[in-house]
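Structure at a glance
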Amino acid sequence: MATEKQKILDLIRHLAAQNDGNAPGYQRFKSLTGIRRSEWYPKLWLRWSDAVREAGLQGNSMSRSLGHELLIK
């Protein structure tokens, strides 16, 4: 299990390095690596953000609202 965990962490770091240091979201990670959620949840991490943090990266932030005034314009 430790090898599997290290492999996933290394892949997260590698993909982030290819994306200007931005960690991949779970869906992007899955599409690029073929590693499904069932391979890491819940035995390794409970949340994808936990894996990203353990890889030494910061998770992506949520998009902010544009606001009503801007949308109306």
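Note that the coordinates shown come from a computational prediction; the quantities given were computed from them, not determined experimentally. (Residues numbered from 1 in each chain as written. Predicted model: local features only at pLDDT ≥ 70, side-chain atom pairs only at ≥ 80, totals over all residues. Heavy atoms only, no water.)

**Topic: the packing of helix H1 (residues 2-18) against helix H2 (residues 26-33)**
Contact geometry for H1 and H2: axes closest at 11 Å, N-to-C directions at 100°. It follows that H1 is roughly perpendicular to H2 by the angle criterion. When H1 is examined against H2, the residues Ile8, Leu11, Ile12 and Leu15 are found in contact with a partner set consisting of Phe29, Leu32 and Thr33. Residue composition of the contact of H1 with H2, by class: six nonpolar, one polar and no charged. (Axes fitted to C-alpha atoms, helices over the stretch in contact; angles between N-to-C directions. Helix = DSSP H or I, 4+ residues; strand = E, 2+ residues; numbered from the N terminus. Parallel < 35°, antiparallel > 145°, perpendicular 65-115°, else oblique. Contact = heavy atoms within 4.5 Å. Nonpolar A, V, L, I, M, F, W, Y, C, P; charged D, E, K, R; others polar.)

**A word on the environment of asparagine 22**
Secondary-structure assignment places asparagine 22 in the loop between H1 and H2. A sequence separation of 27 residues divides asparagine 22 from serine 49, and the C-alpha atoms of the two residues are 13 Å apart.

**What to know about the packing of aromatic side chains**
Enumeration over the complete set of coordinates arrives at six aromatic pairs. Ring centres of tryptophan 40 and tyrosine 41 lie 6.3 Å apart, and the angle between their planes is 85°; on these two criteria the pair is classed as edge-to-face. Tyrosine 41 gets classed as partly exposed once you look at its relative accessible area, which sits at 32%. Here the aromatic rings of tryptophan 40 and tryptophan 45 are separated by 6.5 Å at their centres, their planes lie at 55°, and the arrangement is tilted. An identical accessibility class is assigned to tryptophan 40 and tryptophan 45; each is buried. Here the guanidinium or amino end of arginine 37 rests over the ring plane of tyrosine 41, the centre of that ring lying 3.8 Å away. (Phe/Tyr/Trp six-rings, centres within 6.5 Å; stacked < 30°, edge-to-face > 60°. Buried < 20%, exposed > 50% of the residue type's maximum accessible area, 1.4 Å probe, protein only. Lys NZ or Arg CZ within 6 Å of the ring centre and 35° of its normal.)

**Details of unusual backbone geometry**
The linkage connecting tyrosine 41 with the following residue, proline 42, adopts the cis geometry, with an omega of -5°. With respect to the helices and strands, the residue proline 42 is situated in the loop between H2 and helix H3 (48-54). You will see that aspartate 20, though not glycine, has its phi angle at about 55°, which is positive. Judged by relative accessible area, aspartate 20 falls into the exposed class, the value being 75%.

**As for the pattern of salt bridges**
Close approach of charged atoms allows side chains with opposite charge to pair. Taken as a whole, this structure holds six salt bridges when the rule is applied. Across the salt bridge formed by lysine 5 and glutamate 54, the nearest N and O atoms sit 3.2 Å from each other. Of the two residues, lysine 5 is situated in helix H1 and glutamate 54 in helix H3; the sequence distance between them amounts to 49 residues. Overall, the relative accessible area of 37% leaves glutamate 54 in the partly exposed class. Glutamate 39 serves as the salt-bridge partner of arginine 36, at 3.7 Å between the closest nitrogen and oxygen. Taking the relative accessible area as the measure of exposure, arginine 36 reaches 47% and is therefore partly exposed. With a relative accessible area of 26%, glutamate 39 lands in the partly exposed category. Through salt bridges that share partners, Arg47, Asp50 and Arg53 make up one connected network. (Salt bridge = Lys/Arg side-chain N within 4 Å of Asp/Glu carboxyl O.)

Limitation: the analysis is restricted to geometry and does not speak to function.
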